[in-house]
Amino acid sequence: MMKKILVLSLIFVFSLALGGCVKKATQPTNPIDSNDYEQNTGENPAEKPNTEVNPDSTKIDPGVTKEDLDKLKSDINALEFEDLTGLSE
Amino acid sequence: MKKTFLTIAVITMLLGPVMAVGAIESGSKSAWLGAKEASKTAKTVYNQTQLNYATDKTPENQQKIVNTGKIYLQAALDEVEAWLLWKNTEAQNDPRATDAIKNSIASDVEKNLSKINNFRQEVSEVTTQVELGVETLKLIGGYLELLTDVARNVGALWVQIGNTLLNQASDSEAKLREAAIKLNDNADIIAKLDQAKQELSTAQTNVNSAEATYKQVKNPGQPLIKFGEGNNYLRSAKANLLNAQQQMFQAFSLISAK
């Protein structure tokens, strides 16, 4: 019984570690910034015309998300201020 | 069956620490609420035995006053002890609390728990109605001392949390305004953000008033009354913050819909 638990725990931990490695492998370790791009191609992306069509290009980013505002509301609602009474009454 | 057990065990191991903090906090609060209720009940019983003695002055009824009085005083000590423990747990687990406030509350609580134990010993040694009267008077003074320092620090912690939330809300308001300015036909959005800004300004005034009032939670004085007044300022600030959040949410929806 103890052996089984130990083996299954090891499998679980190993799968978590493997999952982390796979996720890490799919992400660029060092994102390319405009300077890198310039060094590699001699082109400045800022000067390069954007030929991609962005359907939301006229959209304005509100700067905050719905989640930010919901979190703020829930934090405010969580505030409680209990008065103290007791023996002095 | 074994697999299910193992899965539950692993999930519990992973989520355990997170759940434990919440459980300890809510457990401490429940313990205080329970102690508060028990103290009220003990007081009612004590008052009734006093009435009984007033109408029938027998030695038995007099002894009942002493017995129920002792129970009441112990229950009152339970209540203040539970409150101190709850406030300490709450402060220690709040990431918004500074180390200075955490340490101050922890040190006051430790000191006061020791005082409570001394009071308990004294109450347990009471044998007559006169001794009970003396002990009650002593405890009334001591009770305020037990609560005052921690109450002042708890007020300071609440003010700190209030200011943190105010900063977050002001930051959101500024970002929404920056976005709204870029839009044509934005009068309705700006109006909502103006309202939010006004609410935040009033909230700040209330938090500042609460801070000044909590500083007056001192002995000698009226510490519990001042504590209640500070709480009222913060309740108003909470309402202002909720109004501001509502206006910002409406502004957010309008910006997103454009």
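Quick note: structure is the one above.
The following refers to the structure shown. Note that the structure is predicted; figures quoted are calculated from it, not measured.

1. Comments concerning the environment of Gly141(B)
Then, number 1: On the secondary structure map, Gly141(B) appears in helix 4 (residues 129–181).
Then, number 2: As a C-alpha pair, Gly141(B) and Lys64(B) span 77 residues in sequence and 25 Å in three-dimensional space.

2. Quick notes on the interface of chain B and chain A
Then, number 1: Contacts between the two partners involve 49 residues from chain B, matched on the other side by 31 residues from chain A.
Then, number 2: Roughly 3700 Å² is buried in total at the junction of chain B and chain A, and carbon and sulfur atoms are behind 71% of that figure.
Then, number 3: Applying the counting rule to chain B against chain A returns four salt bridges.
Then, number 4: A salt bridge links Lys29(B) to Glu80(A); the shortest N-O distance between them is 2.5 Å.
Then, number 5: Across the contact surface, chain B and chain A share eight residue pairs in polar contact (both at pLDDT 80 or more).
Then, number 6: Counting residues per element, the ones that place at least two in the side of chain B that touches chain A are helix 1 (2–55), helix 2 (59–93), helix 4 and helix 6 (223–257) of chain B.

3. Some thoughts on helix 5 (residues 187–214) of chain B
Then, number 1: Over its 28 residues, helix 5 of chain B runs 40 Å from end to end, which matches the ideal 40 Å to within 8%, given 1.5 Å per residue.
Then, number 2: Along helix 5 of chain B, the residues that are buried comprise Ile189(B), Ile190(B), Leu193(B), Ala196(B), Leu200(B), Ala203(B), Asn206(B), Val207(B), Ala210(B), Thr213(B) and Tyr214(B).

4. A short note on the pattern of salt bridges
Residue and element names in this part refer to chain B.
Then, number 1: Under the definition given, this model contains 19 salt bridges over all chains.
Then, number 2: Here arginine 120 makes a salt bridge to aspartate 78, at a shortest N to O gap of 2.8 Å. Taken as a pair, arginine 120 in helix 3 (residues 99–124) and aspartate 78 in helix 2 lie far apart in primary sequence, 42 residues in all.
Then, number 3: We note a salt bridge from aspartate 171 to lysine 175, for which the minimum N-O separation is 3.3 Å. Within this pair, aspartate 171 and its partner lysine 175 are both found in helix 4, separated by four residues, close to a single helical turn.

5. Quick word on the nonpolar core
Then, number 1: Trp83(B), Leu84(B), Tyr214(B), Phe227(B), Leu241(B) and Met248(B) are the most contacted members of the largest nonpolar core, which has 75 residues in total.
Then, number 2: Sorting elements by how many residues they give to this core places helix 4 of chain B first, with 19 residues.

6. Observations regarding the environment of Asn186(B)
Residue and element names in this part refer to chain B.
Then, number 1: By secondary structure assignment, the location of asparagine 186 is in the loop between helix 4 and helix 5.
Then, number 2: In the structure, asparagine 186 is positioned 158 residues away from serine 28 in sequence and 49 Å away in space, judged by C-alpha atoms.
Then, number 3: If near-sequence neighbours (up to four positions away) are discounted, asparagine 186 is found in contact with Ala180 and Ile181.
Then, number 4: A polar atom in the side chain of asparagine 186 sits 3.3 Å from the backbone oxygen of leucine 183.

The rules behind each value
Residues numbered from 1 in each chain as written. Chains lettered and ligands numbered in written order. Predicted model: local features only at pLDDT ≥ 70, side-chain atom pairs only at ≥ 80, totals over all residues. Heavy atoms only, no water. Helix = DSSP H or I, 4+ residues; strand = E, 2+ residues; numbered from the N terminus. Contact = heavy atoms within 4.5 Å. Buried area = accessible area lost by both parts, 1.4 Å probe. Salt bridge = Lys/Arg side-chain N within 4 Å of Asp/Glu carboxyl O. Polar contact = N/O pair within 3.5 Å; in protein donor to acceptor, adjacent residues only side chain to side chain. Expected span 1.5 Å × (residues − 1). Buried < 20%, exposed > 50% of the residue type's maximum accessible area, 1.4 Å probe, protein only. Core = buried A, V, L, I, M, F, W, Y, C linked by side-chain atoms within 4.5 Å.

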